[in-house]
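Chain by chain, the residues run as shown.
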Amino acid sequence: MIWKRCQLQLITGQTEDDLGNMTGESWQTVQETVCRLTPWTDEQIALEGREVTRNEQRVVTPIPFAQFPSCTHAVIDGHRQKITQVIDLSPRYTVIQVDVYKE
């Protein structure tokens, strides 16, 4: 198993400007952990559609769901990715689904 370093982050300090745009953000690291990429199953690809599986990745973390912090983004391999879903795999793991930006 290949475990990668992962930082769970929350955006803070945003204010709204005169045009209604959010500005002045800063990133707060809520927790540092490790994570492992998980593949999509054939059933998930058939049910959720190809676009979802191409643009999103599931990552497992060794944090129990009850102790998973409130966060909006994960930094994996130096890339900040938005968390779109948090899945309970009690009692030992939590899966996060993140947007993938491939280079």
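Only a predicted model underlies this, so the values are computations on that prediction, with no experimental measurement involved. (Residues numbered from 1 in each chain as written. Predicted model: local features only at pLDDT ≥ 70, side-chain atom pairs only at ≥ 80, totals over all residues. Heavy atoms only, no water.)

1. Digging into the nonpolar core
At step 1: Within the largest apolar cluster, 12 residues are counted, these being C6, L8, C35, V59, I63, F68, C71, A74, I76, I83, I96 and V98.
At step 2: Contributing elements (two or more residues each) for this core: β1 (4–12), β6 (73–76) and β8 (93–99).
At step 3: Once residues within four sequence positions are removed from consideration, C6 is found in contact with Q31, E32, T33, V34, C35, A74, V75 and I76. (Core = buried A, V, L, I, M, F, W, Y, C linked by side-chain atoms within 4.5 Å. Buried < 20%, exposed > 50% of the residue type's maximum accessible area, 1.4 Å probe, protein only. Helix = DSSP H or I, 4+ residues; strand = E, 2+ residues; numbered from the N terminus. Contact = heavy atoms within 4.5 Å.)

2. Observations concerning unusual backbone geometry
At step 1: In this structure, P91 follows S90 across a cis peptide bond, with omega equal to 10 degrees.
At step 2: Along the chain, P91 turns up in the loop between β7 (79–89) and β8.
At step 3: One non-glycine residue, D77, adopts positive backbone phi at about 55 degrees.
At step 4: Along the chain, D77 turns up in the loop between β6 and β7.

3. Details of the pattern of salt bridges
At step 1: Across all of its chains, the model carries 2 salt bridges by this definition.
At step 2: Of the charged contacts, one joins K4 and D77 as a salt bridge, the two residues approaching to 3.0 Å between their closest N and O atoms. Separated by 73 residues along the polypeptide, K4 in strand β1 and D77 in the loop between β6 and β7 bring together distant segments of the chain.
At step 3: By relative accessible area, K4 is classed as partly exposed at 26%.
At step 4: With a closest N to O distance of 3.5 Å, R5 and E32 form a salt bridge. Within this pair, whereas R5 is found in strand β1, its partner E32 is found in strand β4 (residues 26–38), the two being separated by 27 residues in sequence.
At step 5: Of the residues examined, R5 reaches a relative accessible area of 63% and is grouped as exposed. (Salt bridge = Lys/Arg side-chain N within 4 Å of Asp/Glu carboxyl O.)

4. Quick look at the packing of aromatic side chains
At step 1: One pass over the full model with this rule turns up 0 aromatic pairs.
At step 2: Just above the ring of W27 sits the side chain of R80; from NZ or CZ to the centre is 4.0 Å. (Phe/Tyr/Trp six-rings, centres within 6.5 Å; stacked < 30°, edge-to-face > 60°. Lys NZ or Arg CZ within 6 Å of the ring centre and 35° of its normal.)

5. Considerations on the pairing of β4
At step 1: Examined bridge by bridge, β1 and β4 share 9 bridges and lie antiparallel to one another. Counterpart to K4 in the pairing with β4 is C35.
At step 2: Note that β4 and strand β5 (residues 56–61) share 3 bridges and pair antiparallel. Across the sheet, residue L37 finds its bridge partner in β5, namely V59. (Pairing = 2+ DSSP bridges.)

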